[in-house]
Amino acid sequence: MEILPTLQLGWLNGWLLLVILYGVFGLLLWVFPRDVVARLYDRSGWSEREKRLVAMRLPFALATFALIIFTPLKLGTGVFALGIAVFAVGLLGFAVALLNFRDTAPDQPAEVALYRVSRNPQSVSLIVATVGICLAIGSWAALLTIAITMVFGHFRILAEEGTCLRQYGESYRAYMQRVPRYFLLF
């Protein structure tokens with residue numbers, strides 16, 4: 001692991017894993033019904049303060065992506081192998097969470113499969129996959145920027161949960177009491 005990696009253009013950089021992650025995401029969104037995609041991106045219930053707080057994560061997310069894109073994978077190292085394993089778990093979790101969301105009726109909160117162990121399995125899985133990429137490139141700087149992104153991402157999750165409370169009422173409040181926000185934590 002390096003604090004700040006040497007940045008360079010290359011075919012064997014972290015961007016390969018980003019392409020896989022967002023390729024799977026894009027493919028799923030492409031085959032999902034339009035109403036499901038619209039629900040995924042509905043921010044109509046968010047306050048201006050929530051929107052501003054969530055927007056504060058953008059520079060850190062972009063910095064993470066830049067580090068990933070321009071940093072070579074640490075092929076043949078233990079940290080690369082660990083990163084690929086973490087990435088695979090995150091990618092699989094992300095795809096499963098999206099499919100679980102797709103299969104939920106629009107008038108019901110998602111409470112099946114991964115949503116039984118986390119109220120936010122899409123977000124958690126996406127972060128896990130990105131942490132896996134940061135490990136695969138062996139960059140402490142990328143891990144730091146993704147950690148900061150996660151802090152600001154927490155405000156997004158709070159906004160989404162507030163919207164779900166307003167939309168689903170008492171059934172969502174009961175769900176919040178049964179299921180932790182971030183898998184086994186919190």
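Here's a quick rundown of the structure. (Residues numbered from 1 in each chain as written. Predicted model: local features only at pLDDT ≥ 70, side-chain atom pairs only at ≥ 80, totals over all residues. Heavy atoms only, no water.)

1. Remarks on a nonpolar patch on the surface
Residues M1, I3, L4 and W140 make up a contiguous nonpolar surface patch of roughly 480 Å² in combined accessible area. Inspection of the secondary structure puts I3 in the segment before helix 1 (15–31). Residue classification places I3 among the exposed positions, given a relative accessible area of 70%. (Patch = residues over 30% accessible without salt bridge, like charges linked within 9 Å, V, L, I, M, F, W, Y side chains within 5 Å. Areas by Shrake-Rupley, 256 points an atom, 1.4 Å probe, with all protein chains shown as cover. Salt bridge = Lys/Arg side-chain N within 4 Å of Asp/Glu carboxyl O. Helix = DSSP H or I, 4+ residues; strand = E, 2+ residues; numbered from the N terminus. Buried < 20%, exposed > 50% of the residue type's maximum accessible area, 1.4 Å probe, protein only.)

2. Quick notes on the nonpolar core
Counting 37 residues, the largest nonpolar core has F32, F87 and L98 as its most contacted members. Take this core: its biggest share by element is eight residues, from helix 5 (residues 78–102). Once residues lying within four places of it in the same chain are set aside, the contact partners of F87 are L17, I20, L21, A129, G132 and I133. (Core = buried A, V, L, I, M, F, W, Y, C linked by side-chain atoms within 4.5 Å. Contact = heavy atoms within 4.5 Å.)

3. Looking at the packing of aromatic side chains
For the coordinates displayed, the defined rule picks out eight aromatic pairs. Pairwise contacts between aromatic rings join Y22, F25, F65 and F94 into one cluster. (Phe/Tyr/Trp six-rings, centres within 6.5 Å; stacked < 30°, edge-to-face > 60°.)

4. Looking at the environment of V117
Mapped onto the fold, V117 is located in the loop between helix 5 and helix 6 (121–137). Sequence separation between V117 and P180 is 63 residues; the distance between their C-alpha atoms is 6.7 Å.

Geometric descriptors of this kind do not, in isolation, establish any biological role.
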